Amino acid sequence: MVRANGAVSLRELARVVQTSEVTVRRDVRALEAEGLLDRRHGGAVLPGGFTRESGFPQKSHLATAEKTAIADVAASLVEEGEAVVVGAGTTTQELARRLARVPGLTVVTNSLLVAQALAHANRVEVVMTGGTLRGSNYALVGSGAEQSLQGLRVSRAFLSGSGLTAERGLSTSNMLSASVDRALVQAAAEVVVLADHTKLGTDTMFQTVPTDVMTRLVTDEPPPHDDRAGTELQALADQGVQITVAGATVAPGGDGAMVGRRPRRESPLPVQRRGGPTAQLRSAPAGMLEQQAAGDRARVADMRRR
């Protein structure tokens, strides 16, 4: 499966071979010891280290259910009449499909796949950057793309990447893609990172969004045994990143909101936004912020213990 797709998640492996993730993890360790693959957080890839990047066909088959849930939550953040930036990636492509239903929206993107998803949307204006086409992910990169973003200002940027750590933030394996992503970040008042649990704790070569620039992370709930993901989520929250977990179970009486049929959990921790004062998560009711923050920290701590 790794040879066919370039990467695979432990969760998907366990489903396909109809066994437990514990068994799959043990077998993956054995294959790594033989030099046949490299383990990554929540999955495995072909050997190649920091510089290896899977192409779009491989990425599109990895963590598909998680990406769908993340896209549902991210789309709920966008309001009618907004102007947003959407970067390249399989998760952002899923987001674009949902943004097609938001009237009066303006979407700036360097992704052909994002533009295609919005091409027939009524009352959605698509603005594409210039640049040189990078065929592996159908994105426009290079100086032309970066220059076309100069002077642009939008409310939010939605970006994905190859890895996410609390220490370095979001990163990717390609220098040209990273440079354009940084230009997209500069155009936005808020930066929303979309990353499934397999990317948490993974570090790749080129930094795109430093942790102190991230406004919000939308992710899925890691498996109970995934201590590394829980540790990264806690560290990101400690640095002021608002955490929204798609598909998380919300306790009775807790502050959860429904996105489609999936509940989401939000971390009402303060974040210092660029160019503005410290802000609290908008959906948190007044007078409950301290209680909710304590509850969320307890849930993350419980995730780490499990």
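Residues numbered from 1 in each chain as written. Predicted model: local features only at pLDDT ≥ 70, side-chain atom pairs only at ≥ 80, totals over all residues. Heavy atoms only, no water.

### What to know about the overall build of the chain
Then comes step 1: A count of helices and strands for the chain gives 11 helices and 19 strands.
Then comes step 2: By the burial criterion, 52% of the 306 residues in the chain qualify as buried.
Then comes step 3: Sequence separation of 24 or more characterises 65% of the internal contacts of the chain that already satisfy a separation of 6 or more.
Then comes step 4: On the chain, roughly 13,600 Å² of surface is accessible, and the fraction owed to carbon and sulfur atoms is 51%. (Helix = DSSP H or I, 4+ residues; strand = E, 2+ residues; numbered from the N terminus. Buried < 20%, exposed > 50% of the residue type's maximum accessible area, 1.4 Å probe, protein only. Contact = heavy atoms within 4.5 Å. Areas by Shrake-Rupley, 256 points an atom, 1.4 Å probe, with all protein chains shown as cover.)

### A few points about the packing of helix H2 (residues 10–17) against helix H3 (residues 21–33)
Then comes step 1: Where H2 contacts H3, the two axes come as close as 9 Å, and the packing angle between them is 110 degrees. Viewed along their axes, H2 and H3 adopt a mutual orientation that is roughly perpendicular. Taking contact as the criterion, the partners of Leu10, Arg11, Leu13, Ala14 and Val17 in H2 are, on H3, Glu21, Val24, Arg25 and Val28.
Then comes step 2: Each residue belonging to the contact of H2 with H3 can be placed in one class, and the counts come to six nonpolar, no polar and three charged. (Axes fitted to C-alpha atoms, helices over the stretch in contact; angles between N-to-C directions. Parallel < 35°, antiparallel > 145°, perpendicular 65-115°, else oblique. Nonpolar A, V, L, I, M, F, W, Y, C, P; charged D, E, K, R; others polar.)

### So, helix H5 (residues 64–76)
Then comes step 1: The terminal C-alpha atoms of H5 lie 19 Å apart, and with 13 residues this matches the ideal 18 Å at 1.5 Å per residue to within 8%.
Then comes step 2: Within the sequence span of H5, burial applies to Glu66, Lys67, Ala69, Ile70, Ala71, Val73, Ala74 and Ala75. (Expected span 1.5 Å × (residues − 1).)

### Details of the sheet that holds strand E11 (residues 169–172)
Then comes step 1: Spatially, three strands are ordered E10-E11-E13 in an open sheet, and the strand pairing comes out antiparallel. Strands with a single pairing partner mark the edges of an open sheet, and in this sheet they are strand E10 (163–165) and strand E13 (206–209). In this sheet, adjacent strand axes meet at a mean angle of 40 degrees when their direction is disregarded.
Then comes step 2: In this structure, E10 lies alongside E11, joined through three bridges in antiparallel fashion. In the sheet register, Thr165 faces E11, and the bridge partner there is Gly169.
Then comes step 3: On the sheet, helix H9 (residues 175–186) packs against E11 and E13 and is oriented at approximately 20 degrees with respect to E13. (Pairing = 2+ DSSP bridges.)

### Regarding the pairing of strand E4 (residues 83–86)
Then comes step 1: In this structure, E4 lies alongside strand E5 (residues 105–109), joined through four bridges in parallel fashion. Among the inter-strand pairings, Val85 is bridged to a residue of E5, identified as Val108.
Then comes step 2: Note that the unit made of E4, helix H6 (residues 90–99) and E5 has a crossover that is right-handed. (Right-handed = clockwise from strand over helix to strand, strands pointing away.)

### Observations regarding the pairing of strand E14 (residues 216–220)
Looking along a regular strand, one sees the side chains alternate between the two faces of the sheet.
Then comes step 1: Across the five residues that make up E14, a large majority, five, are buried.
Then comes step 2: What you see with E14 is no split at all: Arg216, Val218 and Asp220 on one side and Leu217 and Thr219 on the other are buried throughout.
Then comes step 3: The sheet contact formed by strand E12 (residues 188–194) and E14 spans three bridges and is parallel. Directly across from Val192, in E14, lies its bridge partner Arg216.
Then comes step 4: The pairing of E14 with strand E15 (residues 242–246) spans five bridges and is classified as parallel. By the bridge assignment for E15, Thr219 is matched with Val245.

### Section: H2
Then comes step 1: The complete set of buried residues in H2 reads Leu10, Leu13 and Ala14. All buried residues of H2 lie within an arc of 100 degrees about the axis, which places them on one face of the element.
Then comes step 2: The secondary structure elements touched by the buried residues of H2 are strand E1 (7–9), H3 and strand E3 (43–45).
Then comes step 3: Backbone geometry just after H2 places Gln18 at a positive phi near 55 degrees. (Arc of directions from axis to C-beta.)

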